[in-house]
Amino acid sequence: MSNLKLCVEVISARLKPREERTHHGDGYGGVNASVEIRFDGQIVKTSTKIDDASPVWNEKFFFNISDTEDLSNLILEAYVYNKTSSITKSCLGKIRIFGTAFVPYSEAVGMHYPLEKEKRSVFFSAVRGELALKVYVTDSPSLKVPNINPTKKVTSHTRHKFHNIPTTEISKPSQQRDPEPPQPQPRPPQPRPPQPRPRSPQLEPLQTLLPQPPPVMGASRFPAARYDSPLPQAAMGYDPTPPDYSIKETNPILGGGRQARNTRAHDLVEPMEFLYVKIVKARNLPTMDPTGSLDPYVEVKLGNFTARTKHFEKNKNPIWNEVFAFSKSDQQSNFLEVIVMDKDVIKDDFVGSIRFDLDEVPTRVAPDSPLAPEWYTVNFERGGEIMLAVWFGTQADEAFSDATYSDALTALNKSSVRSKIYHSPRLWYLRVIVIEAQDLVIVPDRTRAPNPYVKIKLGNQMVRTKPSQLLNPRWNEEFTLVAAEPFEDLEISIKDRVAVNREETLGSAKIPFDIIERRVNDNRIVPNRWFSLKFENQRRARVATTRILLNVCLEGGYHVLDESTYYSSDFRPSMKELWTRQQPSLGVLELGILGVEGLNVSDGKKETVDAYCVAKYGTKWVRTRTITNCFNPRFNEQYTWEVYEPATVITIGVFDNNQINGGNNRDGKIGKVRVRISTLESGRLYTNSYPLLVLRPSGVKNMGELHLAIRFTCTSMFQMLVQYWKPLLPKMHYVRPLKVVHQEILRQHAVSLVAARLSRTEPPLRKEVIEYITGSDSHFWSVRKSRANFFRLTSVLSGLLGTGEWFQDICTWKKPVASAAVHVLYLAFVCLPEMILPITSLLLFMLGVWNYRLRPRQPPHMDTRLSFADNVHPEELNEEFDTFPYSSQDPGTVKMRYERLRGIASRAQTVVGDIAGQGERVQALLSWRDPRATSIFMVLCLVSSVVLYVVPFKVFVLLGGLYIMRHPRFRRKTPPGLVNFFKRLPAKTDSML
């Protein structure tokens, strides 16, 4: 037997039986709950909680694992029973957890599992509820397995290898209540999908998934609105209180308080004082080496901090122009030393030094002019001078962005820790229409026909036409590419497919963008142009030059999307001439990035976090400095943007810098925050902390709290209100719209172009940062997103459904007073129809006034319940994080996912077919597919035309409304005749193969 044990901690449950709802006003009470756990032939039971619909056990059990190699094929089952009497009990539900979901002790978290129906239970009691368990595998010798009395031997016809462990259902095993060993911060577990079994019922997990969601997909069958906040997955185990992922308002002291001298440019951050040392250059430095050479560099010492400039070889007049910034909070000495050294092979030689008393160092407050550097003598005996400047300042100093900070003095790549501002390249859509080619020269071959096609290449983008069978082919195909300034040449080539894997170039040309025309709208017609092609290996004498007819233009009237339209930060067209004419600036957005609290390690390979923030709005990107080895970094950096559209979003992301010590590792993603400009009140200062939520294979994890200060100032309220009535996108998007699929492909090309250009900057803004901020993977499919969008749709339609239920209650007279009032209002509206629209508008106005007191006080943030991320099955997360387009899973898992997707698609297919069938019945009224039904409908229309002409319209509406809302005493239990007639109409379903 293996030393591994399976620990199951039964934490709590939330139960809501249907029979209880009919006898209790709140739907709780009357439940005597207990849990029975079965694993590998072993059965244990918890204590019974009397008359408690939300029982809390916190009981822990350990099971022997007979065969660790077969662990992935074992299943843990937990049954929840309601003790109805001293000898009877009913099953409220069960859960099943596959062995592939078992994780080590350090990665275990409490999870919330919805209860499934137990079909074999005779005394089944319908229930909606959840059971909280914490399951993990451990081999700790301090954990003891409870003594279990023997019962009969358990046999199995499957390939599971059960060990014959004695069990009992009567005696309850002793519960382990020893204190748990200290747990480090866990790394999110990597759940593995269930493996298919080779026996005949091998798709049992799949059959469980297809008819209903997996065991923990509680949100799909149990709407979150009927319960309190879902139970969290705490890092150290299960937390009985829901996780707080809401935005919290903070009250930092911004700008140094009322008495501080500060500028408007830095009044959204807390002032941070630095000691700046700027080493400019030196002259006439003495030589200390007998050879007469000098390789000078400068050391700046402040307490335990030592900064060093780069050294120059054989240079007595070096120029450094380097700035060092020492945080005043880390000041460990009252003196600053600047030492000039001569780099040597064995031991560096001392050249000279300067000592500064920090009490005598001046203080500079922006926007004062920069402090002028001075010449100082470094060696009074041999001479030599150095030019430098020393002053106290804040992060508002212009030297802040170019300085080397005291916490990054040991970094190998010092440029990667500095704060910088980037600008995305201006993007254009390049439209290329390939019309025809003439005078192609193809090597004669009687065994095959010519097969030429055109290949178009722009950077990493490449498209091709369909092959033709002519020597003077015509294609007439249109392509759209993404071009970025400064432009690269457009490459056009004609190739002939000689064999399956062999092609021959018939000619090529490079088209510079200087000769490509630009147009603003579709009114201007761009003429076609002939381009001559060149040949690399010309085999035959040329009589005529091969030419190709193209229509090429740069579309300046489009906006090239590099973000999703739902959270884009800019909608201006590519051509700058249209910016000021169509979209004037509406205001200024100011962002203060204060800091992050409680950071978690983003990568298990590192023990600390080197955090920095990146914010994007429009074409402007900002990057804060990197604060090394700190879980609570304070940035206090402020940036501004001009706002041209209120329906835009600013995105702020936090990352872990993995480039400090060199290498090419990817920066870790800690989390991001989106703030929509239209949700901000003009002139109001928002100081909030935002949780940094990341979806991992183990579920949602809070990586820390990002503290921001945001203020939007509107410069023209009239222009702001007028902007709401203008088109969101430029005019070309409506005149010549792009297909949705094509636009998504172009968006991916645009993101790749931006990432390629910004990765060439110093410090580079890496590709993974660009993709995370722009949300380039938002179009990937997942079961979780599909379910979340479906419930978003049902939430939107819930108002209409609620109105229908309310009207049904009025028609059935469940509330006589309300039904009578509706009848009176209906009579009034029929008599005064001109008052319907004014009263409706007035009611909508009053509803808006009533909802004003319920308006959100803070900008919206990531909602885990809306995203269905707080309670999702590990298999779904494993599928969502799987590689695309090539899966890294075994074929059995991929087959199971495919079968599940087919089951979901079949239900969607049925719903779509039903909707189409209803529409086809409407078309069948006059299509004579059913001659008798069409004849009846025509006679009915003829009679109704006479009746409607004779009877006044008000009388008809009055009688029709009173008939629909008639009392149940005058109703029949069968559907009315019109409904029966409509259901008998033929649809085209019987014509489907």
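These numbers were taken from a predicted model, which means no experiment stands behind them. (Residues numbered from 1 in each chain as written. Predicted model: local features only at pLDDT ≥ 70, side-chain atom pairs only at ≥ 80, totals over all residues. Heavy atoms only, no water.)

Break down the overall build of the protein for me, citing the residues and quoting the values.
A count of helices and strands for the protein gives 16 helices and 36 strands. For the protein, the share of sequence-separated contacts (at least 6 apart) that also reach a separation of at least 24 residues comes to 71%. Entry remark: accessible area of the protein is about 52,600 Å², with carbon and sulfur atoms responsible for 56%. (Helix = DSSP H or I, 4+ residues; strand = E, 2+ residues; numbered from the N terminus. Contact = heavy atoms within 4.5 Å. Areas by Shrake-Rupley, 256 points an atom, 1.4 Å probe, with all protein chains shown as cover.)

Break down the sheet that holds strand β29 (residues 587-597) for me, citing the residues and quoting the values.
The sheet built from 5 strands is open, its strands ordered β9-β35-β36-β29-β32 with antiparallel pairing. At either margin of the open sheet sits one strand with a lone partner, and together these are β9 (248-249) and β32 (634-643). (Pairing = 2+ DSSP bridges.)

Go over helix α13 (residues 891-923) with me, naming the residues and quoting the values.
Along its 33 residues, α13 runs 46 Å from first to last C-alpha, staying within 8% of the 48 Å computed at 1.5 Å per residue. Those residues of α13 that sit buried are Gly892, Thr893, Met896, Arg897, Arg900, Gly903, Gly917, Glu920 and Arg921. (Expected span 1.5 Å × (residues − 1). Buried < 20%, exposed > 50% of the residue type's maximum accessible area, 1.4 Å probe, protein only.)

Pulling in residues and values, what's your account of the pairing of strand β35 (residues 685-696)?
Among the 12 residues in β35, 11 count as buried, and that is most of the element. Pairing geometry for β9 and β35, over 2 bridges, is antiparallel. Following the sheet pairing, Glu249 is matched in β35 by Asn688. The turn linking β35 back onto strand β36 (residues 699-714) is made up of 2 residues.

Explain the environment of Pro860 to me, using residue names and the numbers behind them.
Tracing the chain through its elements places Pro860 in the loop between α11 (836-852) and α12 (874-880). C-alpha separation for the pair Pro860 and Arg676, spaced 184 residues apart in sequence, amounts to 8.1 Å. Discounting residues that sit within four places of it in the chain, Pro860 has contacts with Ile247, Arg674 and Thr679.

Help me get a handle on the pairing of strand β21 (residues 452-458), residues and values and all.
Taken across its 7 residues, β21 has 6 buried, putting it largely inside the fold. Relative to strand β24 (residues 490-499), β21 runs antiparallel, the two being bridged by 6 bridges. What sits directly across from Ile456, in β24, is Ile492. With 4 bridges connecting them, β21 and strand β22 (residues 461-464) associate as antiparallel partners. Bridging across to β22, Leu458 finds its partner in Gln461. Between the antiparallel neighbours β21 and β22 lie 2 residues, among them Gly459 with a positive phi of about 65 degrees.

Which residues make up the nonpolar core, and what values do they have?
Formed by 37 residues in total, the largest nonpolar core has its most connected members in Leu589, Leu591, Trp641, Ile650, Leu692, Leu706 and Ile710. Within the residue set of this core, elements represented by two or more residues are β29, β30 (611-617), β32, β33 (649-656), β34 (668-676), β35 and β36. Ranked by residue count, the leading element in this core is β36, at 6 residues. With near-sequence residues (within four places) excluded, Ile650 lies in contact with Leu589, Leu591, Lys616, Tyr617, Trp641, Val673, Arg674, Val675 and Ile677. (Core = buried A, V, L, I, M, F, W, Y, C linked by side-chain atoms within 4.5 Å.)

Summarise the UniProt feature "transmembrane region" (unreviewed entry) in the protein; cite the residues concerned and give the values.
As recorded in UniProt, the feature "transmembrane region" (unreviewed entry) lies at residues 936-964. Helix makes up 93% of residues 936-964 and strand makes up 0%, while its end C-alpha atoms are separated by 23 Å. (UniProt positions renumbered as here; feature names shortened; annotations may be inferred.)

Which residues make up the sheet that holds strand β13 (residues 319-327), and what are the values?
The strand order across the open sheet formed by 5 strands is β16-β17-β10-β13-β18, and the pairing between neighbours is mixed. The open sheet terminates on both sides in strands that have one partner only, identified here as β16 (374-377) and β18 (403-405). The average angle at which neighbouring strand axes cross in this sheet is 30 degrees, direction not considered. Pairing geometry for β13 and β18, over 3 bridges, is parallel. Residue pairing across strands places Phe324 opposite Thr404, the latter belonging to β18. (Axes fitted to C-alpha atoms, helices over the stretch in contact; angles between N-to-C directions.)

Can you tell me about helix α10 (residues 816-831), naming the residues and giving the values?
Taking 1.5 Å per residue, 16 residues should reach 22 Å; α10 reaches 23 Å between its end C-alpha atoms and fits that length. If you check which residues of α10 are buried, you get Ser819, Val822, His823 and Val830. Considered in projection along α10, the buried side chains sweep an arc of 105 degrees and stay on one side of the axis. Exposed and oriented more than 90 degrees from the buried face of α10 are Val817, Val824, Leu825 and Cys831. (Arc of directions from axis to C-beta.)

Give a description of unusual backbone geometry that names residues and reports values.
What is expected of a backbone is that most residues other than glycine have negative phi and most peptide bonds are trans. Across the junction of Glu485 and Pro486, the peptide omega takes the value -10 degrees, indicating a cis bond. You can see Pro486 is positioned in the loop between β23 (474-484) and β24. Residue Pro763 is bonded to the preceding Glu762 through a cis peptide linkage, with omega at 0 degrees. One can find Pro763 in the loop between α7 (740-758) and α8 (767-774). Backbone geometry places Asn629, a non-glycine residue, at a positive phi of 50 degrees. Take Asn629: it is sitting in the loop between β31 (620-623) and β32. Residue class for Asn629 comes out exposed when judged on its relative accessible area of 55%.

Report on the packing of α10 against helix α15 (residues 953-964), specifying residues and quantitative values.
Orientation of α10 relative to α15, taken along the N-to-C sense of each, is 165 degrees, at an axis distance of 10 Å. On the basis of the axis angle, α10 is roughly antiparallel to α15. Considering how the two elements wind past one another, α10 and α15 form a crossing that is right-handed. Note on element contacts: α15 touches α10 through Lys954, Val957, Leu958, Gly961 and Leu962, opposite His823, Tyr826, Leu827, Val830 and Cys831. (Parallel < 35°, antiparallel > 145°, perpendicular 65-115°, else oblique. Left-handed = near helix turned anticlockwise from the far one by under 90°.)

How would you explain a negative patch on the surface if you had to name every residue and give the values?
Side chains of Glu488, Asp489, Glu491 and Asp514 sit close together on the surface and give a patch of like negative charge. Its location among the elements puts Asp489 in the loop between β23 and β24. For Asp489, a relative accessible area of 40% gives the class partly exposed. (Patch = residues over 30% accessible without salt bridge, like charges linked within 9 Å, V, L, I, M, F, W, Y side chains within 5 Å. Salt bridge = Lys/Arg side-chain N within 4 Å of Asp/Glu carboxyl O. Lys, Arg positive; Asp, Glu negative; His and termini not counted. Charge placed at Lys NZ, Arg CZ, Asp CG, Glu CD.)

Go over the environment of Ser72 with me, naming the residues and quoting the values.
Mapped onto the elements, Ser72 comes out in the loop between β4 (56-64) and β5 (75-83). Residue class for Ser72 comes out partly exposed when judged on its relative accessible area of 25%. The spacing of Ser72 and Phe98 is 26 residues in sequence and 7.0 Å in space, taken between C-alpha atoms. Non-local contacts of Ser72, meaning those with residues more than four positions away in its chain, are made with Gly99 and Thr100.

Describe in detail the packing of α7 against α8, supporting the description with residues and values.
Between α7 and α8, the shortest axis-to-axis distance is 9 Å and the interhelical angle comes to 140 degrees. As far as their axial angle goes, α8 and α7 are oblique. Considering only the axes of α7 and α8, their crossing is right-handed. When α7 is examined against α8, the residues Arg747, Val751, Val754, Ala755 and Leu758 are found in contact with a partner set consisting of Lys767, Ile770, Glu771 and Thr774. Considering only residue class, the contact of α7 with α8 consists of 5 nonpolar, 1 polar and 3 charged. (Nonpolar A, V, L, I, M, F, W, Y, C, P; charged D, E, K, R; others polar.)

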